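One letter stands for each residue in the lines below.
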Amino acid sequence: VLGFLVNQGDRLLLGDLIDVTLLGVYVIAFGIFNSVEMLLNKIIYDVSFSALSEVVRDRPADLKASYYRFHVFIGSAAYFCSGILMFSGQSLIGLLYDHRYEQAGWMLEVLALALLITPFNLAIMCLLALGLPSRFTQIIAIRAVSLFVLVPLGFHFFGLPGALWAIVASYYSYLPPTIYYKINYGLFDFSKELLIAPAWLAGALLGMGFSLAIGR
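Residues numbered from 1 in each chain as written. Predicted model: local features only at pLDDT ≥ 70, side-chain atom pairs only at ≥ 80, totals over all residues. Heavy atoms only, no water.

Caption draft 1: Up close: the nonpolar core. Leu14, Tyr26, Phe33, Met107, Leu111, Val151 and Ile167 are the most contacted members of the largest nonpolar core, which has 62 residues in total. At the level of secondary structure, the elements contributing two or more residues to this core comprise helix H1 (2-17), helix H2 (20-58), helix H3 (63-96), helix H4 (103-111), helix H5 (119-129), helix H6 (133-172) and helix H7 (175-184). At 14 residues, the largest contribution of residues to this core is made by H2. Once residues lying within four places of it in the same chain are set aside, the contact partners of Phe33 are Leu108, Leu111, Ala112, Ala114, Leu115 and Tyr171. (Core = buried A, V, L, I, M, F, W, Y, C linked by side-chain atoms within 4.5 Å. Buried < 20%, exposed > 50% of the residue type's maximum accessible area, 1.4 Å probe, protein only. Helix = DSSP H or I, 4+ residues; strand = E, 2+ residues; numbered from the N terminus. Contact = heavy atoms within 4.5 Å.)

Caption draft 2: The arrangement of the packing of aromatic side chains in detail. As enumerated under the stated definition, the model contains 8 aromatic pairs in all. Taking 5.9 Å as the distance between ring centres and 65° as the angle between the ring planes, the aromatic pair formed by Phe87 and Trp200 counts as edge-to-face. Taken together, the residues span a long stretch of sequence, with Phe87 in helix H3 and Trp200 in helix H9 (residues 197-214) at a distance of 113 residues. The exposure class of Phe87 is partly exposed, given its relative accessible area of 32%. Given a relative accessible area of 26%, Trp200 falls into the partly exposed group. (Phe/Tyr/Trp six-rings, centres within 6.5 Å; stacked < 30°, edge-to-face > 60°.)

Caption draft 3: Region of the structure containing H7. Residues Leu175, Pro177, Thr178, Tyr181 and Lys182 constitute the buried set of H7. End-on view of H7: buried residues confined to an arc of 165°, all on one side of the axis. For H7, the exposed residues set more than 90 degrees away from the buried face come down to Pro176 and Ile183. Check the buried side of H7 and you find it contacts H3, H5, H6 and helix H8 (190-193). Directly beyond the C-terminal end of H7, a positive phi value near 70° is found at Gly186. (Arc of directions from axis to C-beta.)

Caption draft 4: Focus on the environment of Phe30. For Phe30, the location among the structural elements is in helix H2. For Phe30 and Leu108, which are 78 residues apart along the polypeptide, the C-alpha to C-alpha distance reads 6.7 Å.

Caption draft 5: Looking closely at a nonpolar patch on the surface. A surface patch of nonpolar side chains, about 600 Å² in accessible area, is lined by Val145, Val149, Leu150, Leu153, Phe157 and Phe158. Looking at the secondary structure, you find Val145 in helix H6. Residue Val145 is classed as exposed on the basis of its relative accessible area, which comes to 52%. (Patch = residues over 30% accessible without salt bridge, like charges linked within 9 Å, V, L, I, M, F, W, Y side chains within 5 Å. Areas by Shrake-Rupley, 256 points an atom, 1.4 Å probe, with all protein chains shown as cover. Salt bridge = Lys/Arg side-chain N within 4 Å of Asp/Glu carboxyl O.)

Caption draft 6: Summary view of the confidence of the model for the protein. When pLDDT is averaged across the protein, the result is 90; 93% of the residues are at 70 or more. This stretch, residues 1-5, has a pLDDT under 50; its non-local contacts, to residues over four places away or in other chains, come to 8 contacts. (pLDDT = per-residue confidence, 0-100.)

Caption draft 7: The arrangement of the environment of Ser76 in detail. On the secondary structure map, Ser76 appears in helix H3. Sequence spacing of Ser76 and Tyr26 is 50 residues, and the spatial spacing of their C-alpha atoms is 26 Å. In contact with Ser76, not counting residues within four places along its chain, are His71, Ile196 and Ala199. Engagement of the side chain of Ser76 in a polar contact is seen with the backbone oxygen of Val72, the distance being 2.6 Å. (Polar contact = N/O pair within 3.5 Å; in protein donor to acceptor, adjacent residues only side chain to side chain.)

So this is what it looks like as structure tokens:
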């Protein structure tokens, strides 16, 4: 139930706050963002979880090393895509849709910030592999509560931009407990966390190049 609320919550909340036309524009931006997020999460849930569960069962001492092998791959992909969309969302929407949907551009660029959190979903899968479902539930509950509290507040004080930034903030709300659990269970290495940072810069440069190339 919590998972459904989190996945559908942004549209449920915005549907009560903005008109149908503007909601349709948001759905376009969210659709592009969500397609990237779902692909990365599918790799995490379908591939990484099975592999990490096997490591926990057969070679528990290798869990951290195995975790960071997946982390570098998934994190680099997420950071690269985030960099591209943050600097070319407006250009991409302008290329794919007519002027009626131009607001989807800045929405996509804001949502792209949430992709930077995707690699931490892998840490959550590690907690499940370690037989700690209660930690998973706590993290999802934090995200759900923050989403349903922050979005109405953001919209009340800052309108639609405030609501969009609140949606992104809800992704970051479960970052502190996730990092805490990573440290607590010996799954945190700051130097290895930084290995994926260059991928964002590469994506940002490509996104800016794309925008310049199409003149938008």
